[in-house]
Structure formats: structure tokens, C-alpha cells
Amino acid sequence: MRVAILDGYTDEPAGLGVPPYLGTHPRYAYGAARAAGATEVRYVPVERVRSGDVDLNRFDVVVGICGVHTPGKYLGARPADLSEMLRILSEVDAVTVLGGPAAQSGHGRVGGELPETEVEGVDVIARGDVEAVVYDLVSEGSPEAVDPDRRRSIEELREYSVKGAPAAREHVDYPDAVIAELETYRGCPRFLSGGCSFCTEVPRYGEPEFRPPEDVVEEVKALYKVGVRRFRVGRQPCVFSYMAEGIGETERPRPNPEAVEKLFRGICTVAPDLVTLHVDNANPAVIAEHPVESREIAKVLVRYGTPGNVVAFGVETFDERVARKNNLNVESKEEVFRAIEVVASVGGYRGWNGMPYLLPGLNFVCGLIGENRERYRRDEEVLRELVERGLRVRRINVRNVVPFPGTEMGEHGTKWLERNRERVAAFKRFVREEVDPVLLRRVLPKGTVLRRLRVEPREPEFARQVGSYPVACRLLAEREPGEWVDGLVVGHGARSVEVIPLPVRREDGPDVLAKLPGVGKKEALDAFLKGRRPRVPYALRSWFAF
Ligand code: SF4
């Protein structure tokens, strides 16, 4: 049986699969097909279908994976929406499966939209786990024999995750820039109270189910063997709560530094030349409640991780009344400030690639139940205080809520968002104009050299490092899409920095030369016309290619 895993890309609160990321869903589905004995398995990025490079009709089974639950701005690729994926699947002759978050709890930019139980042109909608469905389908040979609601077990996953590693070879950013998203657990310790009003993690997975460190390490070993050098431990709601003590008794379990160290040490042992090792989400309430253990975990992330790492705190709002109404995790601004200090005090120093090792990021959600003018006034007030206190935060993300069926927000829809449209826009403007630039200057002052920036293949006026929430760098001189350069920070935009790509070339022109520290306009023009390097200290000669 020939199987194609068609990756339309996924973005969930805990887990990213939009290039340069390679998500867990397509890898697991690929591994499940191999484990079930498929004769040929191919990973197919959706771009290759759009461009007509791949004929899906030559496969017996086509598994389409998509679903964007936390929409963002993607420089790397355009994720397929549900209608595009259904159109592609309905046009092929093969047995078709729809999987990923879109099949489990819908897909939407302004509202979750769950596909019907039966959709024309799709044989199975995998409401459970797509890898379990693929395994059953390939081994049984018939869609009728498949239970679309079946979930895979941790034991099954051990095999699928390892066998899914070769999918990386066909990723659009393989080998240099592909970054494999790794899962450590699903479910959230906040299942006790039902979780946050807008979140799909608790309705979908409930109580956390941890993967043993050995399983994750084996998966990394397999990925490393096929050439992957970048990893993000991002598929979990809180990395500080991995194998924490007290889950099921408290929503703020005691972090387990030994387990986290075992995991990260194991990863570094089997992937000694890895280039990126980052993480994603964390619950600031857990860090604030257990600062001693959390500090130990931050040290582990600094010791084994690579610089530029960000732990994204799900704050959502600082308004205590709205937080209570939406059953959010954070009770007060002081908790968030404490958590910021724990992480930044351990990870705030600069690493080899120019970025601080580990800093917190803050996530806000607009459109929460019960929000009003006071909510946005309060958020602005606390963010001003955060800036005045001199706290170091890598970035702030403000997004609109996406109501999904099965969540409390699903019953409210976008009602609160509609009511506060103008306030939401004003808040986003406030963050972009008054907070982001200050934080960015703090993290990346002028004169910082950022190493290993990749010129964006689809937007080559920008370059970024590959990792968790990389800073967008606007290039002041043209470079080839996909090229790797270093960048000297010479200016700041609202959410990006201006960089001169290094090494500087003569053809970059006198305007670029004049922006180098210590080089005035006259010297830049003279140097350019004579084809010589501008006069700079000896140590900076490596900045020039001429
Ligand atoms: S803390 Fe809230 S948003 Fe985060 S995973 Fe748990 S329920 Fe979801």
C-alpha cells in the first residue's frame, strides 16, 4: 500500500507545524504507516501539491493534515485551510483521511468550524489521533475497519515517533533550517477545574499523559540520524510542569528538575552537534509558586539549550476579574513579574549567536468572556509598570480568541471580540508602539551582532534565526533568499530590528557603510568610491568582504 502524508501545516496552543517547523502529527502518521507495513510512504508538503509537483493519484491512501487554532503571521509558508484541504482530498481517487487539529476540533481564523461527521470525498475523519487511524487503515486495508475516534497509546507512539523521522528529509526546509517539534506530553494540569475558557487542550486531552524521557530521546536520535539539527520541545502546555509532582491534586504542581534534566541531557547526548534546542510554553503561575525548582529548570534550559530560547507565558490578561471569569491560570500581576524575574535572572545573558539564552515572552488573548474597557485599561497599566520596572521580556504576542466547539468560549463565539473591536485595535497599537520597541531595545541594543540569520525564502527583505519566536531582522542590503548571514543591529522598528548583513559587500553602497559604527557619511562615500574598506578598528575587519 502506498501512502502519502499531505502536510497542510498546523498551529495549536501547544504545538507548531508551520515551516520551518515540522509538526508532530505528520511525523507520527508517517511512522504509523511504516509500522503498519505500507510499501511506500511519502511526506508531501502542501506547496508541492499547489505547484503541481506531486500527483496524489498514484497513492492508495492520502492523509491530509491541517488545522490552525492559534493563527499568526507566517513568513515560512501559507497553511492550508480546511476548505483547501477538503478540495484537494475530494479530487484524488485514493482512500482519503482528514487528520490533525482541524479534524479533532475544527479550524478557523475567527471561529472554530468542525467538519461534518461525513464529508463528501473524505473517507475517514480522524477525530481521535490521525496516527492511530492511519495504522488501523493500513494494517486492516479498509476504511470500514477503522475507528475514527481511536487514540494512540504512549507505547504505540514509541514506535511511530521513531519511524516517522525520515519524513523530515522531504520537508521544504530540510536540511539546514527544518526544526522538529517534539512532544513531551498532552493534556494540562488545569484539567481539574476545566482549564481556560478558550483552550482546546483540556477538552481534547484532559489529564496530562507524559512521554518518558527515553522515548523522546529515541525520537531525537532517529531525527538526528536523518540529518535534523534543530529541535523545539514545544508540544506541551508547560515545560516546567513536565513530570511535575502533584498533578491531579493541584493545578500548580511542583516542578521536577531531575526529570527535565534527564530529558535535555539525553537529547544533547544523542544529538551532540545540534544547532537549535528551544522550548515553548510555560505556566507563569507554576513558576511563581515554585521559584526554587523553577530556577533549577531554567538552569537546565540554559545549560543544554541554545541561545535565543523563549518560554512563552500564557498570561492572557492582567485584569483579575476577567481572569476569574475565564478560569485563567494567573491570579495577579505579581505572579507574572515573579516568574519573569526567575527566568530572566537565570537566562538573561547573551550567548554565541547574539541572543540572550532564555527570556520569557507574554501571550495575551483578546475577546475573553466579560472583558470591557477596564480590562484593556488594566492591561495597559500593568505593561507600563513592567516597562518602568526594567523587566526583560523577549516579546509580547496579542491574538484574537478563536472559539472552538467543546470549550466554554465556543458557546460565546466572538461576541466579546465584536463588542470590543476598537479597544482591541487600540491595545494592539499600544503594545506595538509603546511597549515592543522598548523591550526590543533592551534585548537587542544597537551594535549587537546576530549570528546565523537565514534570509527568508518568501520575504527576502527579512532574515531570522531559526528557533522559538526569532526576531525579524530587516536587511538594509539585499541578500539571496535562503542565504545565511550574520547581522549587525543598527536600528529598531516596532517589532523588528534593522541589520546590516555581514560581511558587508562593496556593492551594498555608501548609505549602508555610513550606518556602521564610527563611519560617517563622508568616509563611507570616499571608501566606496575608492573601493577600500572604511576605517574601522582592526578587530572589526572581519565585517568586510572587500
Ligand atoms: S493553562 Fe490554560 S491555556 Fe494553557 S493548556 Fe492549560 S487550559 Fe490551556
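Look a little higher up for the structure.
None of these values were measured; they are calculated from a predicted model. One numbering rule holds for all chains: residues counted from 1, following each sequence as written. Predicted model: local features are reported for residues with pLDDT of at least 70 only, side-chain atom pairs are reported and counted for 80 or more only, and whole-chain, interface and lining totals are derived from all residues. Heavy atoms from the whole structure form the basis of all side-chain values; hydrogens and water molecules are not counted.

> Looking at this model, I keep getting lost on the sheet that holds strand β19 (residues 472-475). Mind explaining?
Two strands in a sheet stick together by hydrogen bonds in their backbones, pointing the same way (parallel) or opposite ways (antiparallel). In space, the five strands of this closed barrel follow the order β17-β18-β19-β21-β20, with mixed pairing throughout. Mean inter-strand twist for the sheet, computed between neighbouring axes without regard to direction, equals 55°. Should DSSP find at least two bridges between two strands, the strands are taken to pair. Under the scheme used here, helices are H or I runs from DSSP no shorter than 4 residues and strands are E runs no shorter than 2 residues, and both carry numbers assigned from the N terminus. Note on geometry: axes are C-alpha line fits, over the in-contact stretch for helices, and angles between N-to-C directions span 0 to 180 degrees.

> How should I be thinking about the nonpolar core in this particular structure?
Burial of nonpolar side chains together is a common tendency in soluble globular proteins. Ranked by internal contacts, the top residues of the largest apolar core, which has 131 residues, are Leu362 and Leu383. At seven residues, the largest contribution of residues to this core is made by helix α13 (residues 333-347). All domain edges in this entry derive from an automatic or database-based domain assignment. Both domains that furnish three or more residues to this core are identified here as domain 1 (2-155) and domain 2 (178-443). Note on contacts: a residue pair is in contact if any heavy atoms of the two residues lie within 4.5 Å. Excluding its chain neighbours within four sequence positions, the residues that come into contact with Leu362 are Phe313, Val315, Val336, Ile340, Leu383, Leu386, Val393, Arg395, Ile396 and Asn397. Among the nonpolar cores identified, the runner-up in size contains 17 residues, and Ala344, Leu359, Leu450 and Ala463 belong to it. What we call a nonpolar core is a set of buried Ala, Val, Leu, Ile, Met, Phe, Trp, Tyr and Cys residues that are connected through their side-chain atoms within 4.5 Å. Burial here depends on accessible area, computed with a 1.4 Å probe over protein chains only, as a share of the maximum for the residue type. Under 20% is buried, over 50% is exposed, and the range in between is partly exposed.

> What am I meant to see in the site of the ligand here?
The criterion for a residue being near a molecule or strand is simple. One of its heavy atoms has to lie within 4 Å of it. Near the ligand you find Cys188, Arg190, Gly195, Cys196, Cys199, Glu201, Val202, Pro237 and Asn329, and these make up its full shell. Ten residue types, Ala, Val, Leu, Ile, Met, Phe, Trp, Tyr, Cys and Pro, are classed as nonpolar, four, Asp, Glu, Lys and Arg, as charged, and the remainder, Gly among them, as polar. Of the residues belonging to the shell around the ligand, the class tally is five nonpolar, two polar and two charged.

> Before we go on, may I ask you to explain α13 in this structure?
Since the α-helix turns once every 3.6 residues, residues separated by three or four places project in the same direction. Any helix carries an expected span of 1.5 Å times its number of residues minus one. The terminal C-alpha atoms of α13, which comprises 15 residues, lie 21 Å apart, in line with the 21 Å expected from a rise of 1.5 Å per residue. Most of α13 sits out of view: eleven of its 15 residues are buried. Those residues of α13 lying buried are Lys333, Glu335, Val336, Phe337, Ala339, Ile340, Val342, Val343, Ala344, Val346 and Gly347. In the core, the buried residues of α13 are packed alongside α10 (284-289), α11 (291-304), β14 (309-316), α12 (320-325), β15 (358-366) and α14 (373-388).

> Would you mind going over the packing of aromatic side chains with me for this structure?
To describe a pair of aromatic rings, you give the distance between the ring centres and the angle between the ring planes. Each pair of aromatic rings taken from Phe, Tyr and Trp, with Trp reduced to its six-membered ring, is defined by centres within 6.5 Å and is described as stacked if the planes are under 30 degrees apart, edge-to-face if over 60, and tilted in the remaining cases. Summed over the entire model, instances satisfying the criterion amount to ten aromatic pairs. Here a set of aromatic residues connected by ring pairs shows up, and it is made of Phe318, Phe337, Phe364, Tyr376, Phe427 and Phe430. Two thresholds decide whether a charge sits over a ring: the Lys NZ or Arg CZ must be within 6 Å of the ring centre and within 35 degrees of the ring normal. Taking the ring centre of Phe59 as reference, the NZ or CZ of Arg58 above it sits at 4.6 Å.

> Is there a simple way to think about empty space enclosed by the protein in this case?
Using only the protein atoms, space was sampled on a 1 Å grid; points where a 1.4 Å probe fits but cannot get out form cavities, open sets with protein on both sides within 12 Å along at least five of seven lines form pockets, and lining residues are those with an atom within 4 Å of a point. Grid points are joined across faces, edges and corners, and a volume is the space filled by probe spheres set on the points. Here the structure, examined in full by the defined rule, presents five cavities of 30 Å³ or more. Volume-wise, the largest cavity comes out at about 150 Å³. For the largest cavity, the lining is made up of 20 residues, of which His278, Pro307, Asn353, Gln465 and Val466 are closest to its centre. Only β12 (276-279) and β17 (449-455) provide two or more residues apiece to the lining of the largest cavity. Counted by class, the lining of the largest cavity contains eight nonpolar, eight polar and four charged residues. Formed jointly, the lining of the largest cavity draws a minimum of three residues from each of two domains, domain 2 (178-443) and domain 3 (449-543). What the second largest cavity holds in volume is close to 50 Å³.

> Can you walk me through the sheet that holds strand β16 (residues 395-400) in this structure?
Read across the sheet, four strands follow the order β13-β14-β15-β16 without closing on themselves; strand pairing throughout is parallel. Looking at the sheet topology across the chains shown, the edges are occupied by β13 (281-282) and β16. Where β14 meets β15, seven bridges bridge the pair, whose relative direction is parallel. Within β15, the position partnered with Val310 by the bridge is Leu359. Set on the sheet, helix α17 (residues 421-443) makes contact with β15 and β16; between it and β16 the angle comes to about 165°.

Bear in mind that shape data such as this cannot, by itself, settle questions of function.
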